[in-house]
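Residue strings, one per chain:
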Amino acid sequence: MIIDERENRRQSVLEAAGQIMTAARTAPKGKGIDIIEIITVTEEDIEQISRHMQTLSEQTGMKFLLRDAENILQAEAMILIGTRQQVQGLNCAYCGFSTCVEKPQQVPCAINSIDVGIALGSACAKAADLRLDTRLMFSAGWAAQQLGLLKECGQVIAMPLSAASKNPFFDRKPKEEVRP
């Protein structure tokens, strides 16, 4: 049997995505409480996110969203990592308020943000171990969050994955910036 890497690439990336999601899941969590959500999206879901990024660019004037919207279409898969909001009750003031009781509901608990960051670090490390092309994208995560792909999650970050001969997520041409 002959297995051509070009024909098997998508399947290889999807198998790697499973390992990357496991790495993110097993990352340490504040107080040992797991409120991280992780999914992998492909094909039509990536296209939906790309279209929404274009809409967001029109609404906000942020041109980098257009660049990133085109960019994620080169991914074989894209992992989304976010957190449900849950105050951890540490009264650490990392969120900017002296106590958890003083923190307004819409202000994220800083421990939740740290948990997402640690999960992303573990995911990136695993992707590097597997020699996958990737980049963390606030832009695609923001669009996915608005589309409700990770229910009840805030602070969603996207991680597009590719196994190309050159990383398509770097050396990107910037779109012209909007002047105020």
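Relevant structure appears above.
Computed from a prediction, not measured in an experiment: that's the story for all the values here. (Residues numbered from 1 in each chain as written. Predicted model: local features only at pLDDT ≥ 70, side-chain atom pairs only at ≥ 80, totals over all residues. Heavy atoms only, no water.)

**Student:** Any chance you could break down helix H1 (residues 5–25) for me, citing the residues and the numbers?
**Tutor:** Look at H1: 29 Å from first C-alpha to last across 21 residues, which is about the 30 Å you get at 1.5 Å a residue. Helix geometry: H1 is bent most strongly at Gln11, by close to 30°. Turning to H1, the residues buried within the fold contact strand E1 (36–41), strand E2 (77–84), helix H4 (110–129) and strand E4 (153–162). (Helix = DSSP H or I, 4+ residues; strand = E, 2+ residues; numbered from the N terminus. Expected span 1.5 Å × (residues − 1). Bend = angle between axes of the 7 residues up to and from the residue. Contact = heavy atoms within 4.5 Å.)

**Student:** So what's going on with the pattern of salt bridges? Residues and values would help.
**Tutor:** The tally for this structure, following the rule as stated, stands at five salt bridges. Residue Glu43 is joined to Arg10 by a salt bridge in which the shortest nitrogen-to-oxygen separation is 3.1 Å. Separated by 33 residues along the polypeptide, Glu43 in helix H2 (residues 43–60) and Arg10 in helix H1 bring together distant segments of the chain. For Glu43, a relative accessible area of 44% gives the class partly exposed. The shortest N-O distance in the salt bridge between Asp68 and Arg67 comes to 3.0 Å. As far as burial versus exposure is concerned, Asp68 and Arg67 are alike and both buried. (Salt bridge = Lys/Arg side-chain N within 4 Å of Asp/Glu carboxyl O. Buried < 20%, exposed > 50% of the residue type's maximum accessible area, 1.4 Å probe, protein only.)

**Student:** Could you give an account of the packing of aromatic side chains, with specific residues and numbers?
**Tutor:** Taken as a whole, this structure holds one aromatic pair when the rule is applied. Measuring from ring centre to ring centre gives 5.5 Å for Phe138 and Trp142, while their planes differ by 15°; the resulting arrangement is stacked. Of the two residues, Phe138 and Trp142 are both situated in helix H5 (residues 138–146); the distance of four residues between them amounts to about one turn of the helix. (Phe/Tyr/Trp six-rings, centres within 6.5 Å; stacked < 30°, edge-to-face > 60°.)

**Student:** Break down the packing of H2 against helix H3 (residues 64–72) for me, citing the residues and quoting the values.
**Tutor:** Between H2 and H3, the least distance of the axes is 8 Å, while the angle of their chain directions is 170°. Accordingly, the angle class assigned to the pair H2 and H3 is roughly antiparallel. Within the contact between the two elements, H2 uses Ile46, Ile49, Ser50, Met53, Gln54, Leu56, Ser57 and Thr60 and H3 uses Leu65, Leu66, Asp68, Ala69, Glu70 and Ile72. For the contact of H2 with H3, the residue count by class is eight nonpolar, four polar and two charged. (Axes fitted to C-alpha atoms, helices over the stretch in contact; angles between N-to-C directions. Parallel < 35°, antiparallel > 145°, perpendicular 65-115°, else oblique. Nonpolar A, V, L, I, M, F, W, Y, C, P; charged D, E, K, R; others polar.)

**Student:** So what about the state of the cysteines? Which residues, and what values?
**Tutor:** All told, the structure shown has zero disulfides when counted by the stated rule. Summary of cysteine pairing: Cys100 is not part of a disulfide, and the nearest cysteine sulfur, belonging to Cys109, is at 6.0 Å. We classify Cys109 as buried; its relative accessible area is 7%. (Disulfide = S-S within 2.5 Å.)

**Student:** Which residues make up empty space enclosed by the protein, and what are the values?
**Tutor:** A complete count under the given rule lists one cavity of 30 Å³ or more for this structure. Approximately 80 Å³ is the volume attributed to the largest cavity. Per-class residue counts for the lining of the largest cavity are eleven nonpolar, two polar and one charged. (1 Å grid on protein atoms, 1.4 Å probe; cavity = no way out; pocket = protein on both sides within 12 Å on 5 of 7 lines; lining within 4 Å. Points joined across faces, edges and corners; volume = space filled by probe spheres on them.)

**Student:** Now, about the nonpolar core: what can you tell me, with residues and values included?
**Tutor:** Soluble globular proteins tend to pack their nonpolar side chains together in the buried interior. Formed by 20 residues in total, the largest nonpolar core has its most connected members in Ile49, Met53, Ile72, Met78, Leu80 and Ala140. Counting only elements with at least two residues in this core, the list comes to H2, H3, E2, H5 and E4. Ala140 has contacts with Ile49, Met53, Ile72, Met78 and Ala158, leaving out every residue within four places of it along the chain. Listed in part, the 19 residues of the second largest apolar core include Ile36, Ile81, Leu120 and Ile157. (Core = buried A, V, L, I, M, F, W, Y, C linked by side-chain atoms within 4.5 Å.)

**Student:** Pulling in residues and values, what's your account of the sheet that holds strand E3 (residues 133–134)?
**Tutor:** One open sheet accounts for four strands, arranged E1-E2-E4-E3; its pairing is antiparallel. Each edge of the open sheet is held by one strand with a lone partner, namely E1 and E3. Of the strand pairs in this sheet, E2 and E4 are connected by seven bridges, and their pairing is antiparallel. Its bridge partner being in E4, Leu80 is matched across the sheet by Ala158. Together, E2 and E4 form the strand contacts of H5, whose direction differs from that of E4 by roughly 125°. (Pairing = 2+ DSSP bridges.)

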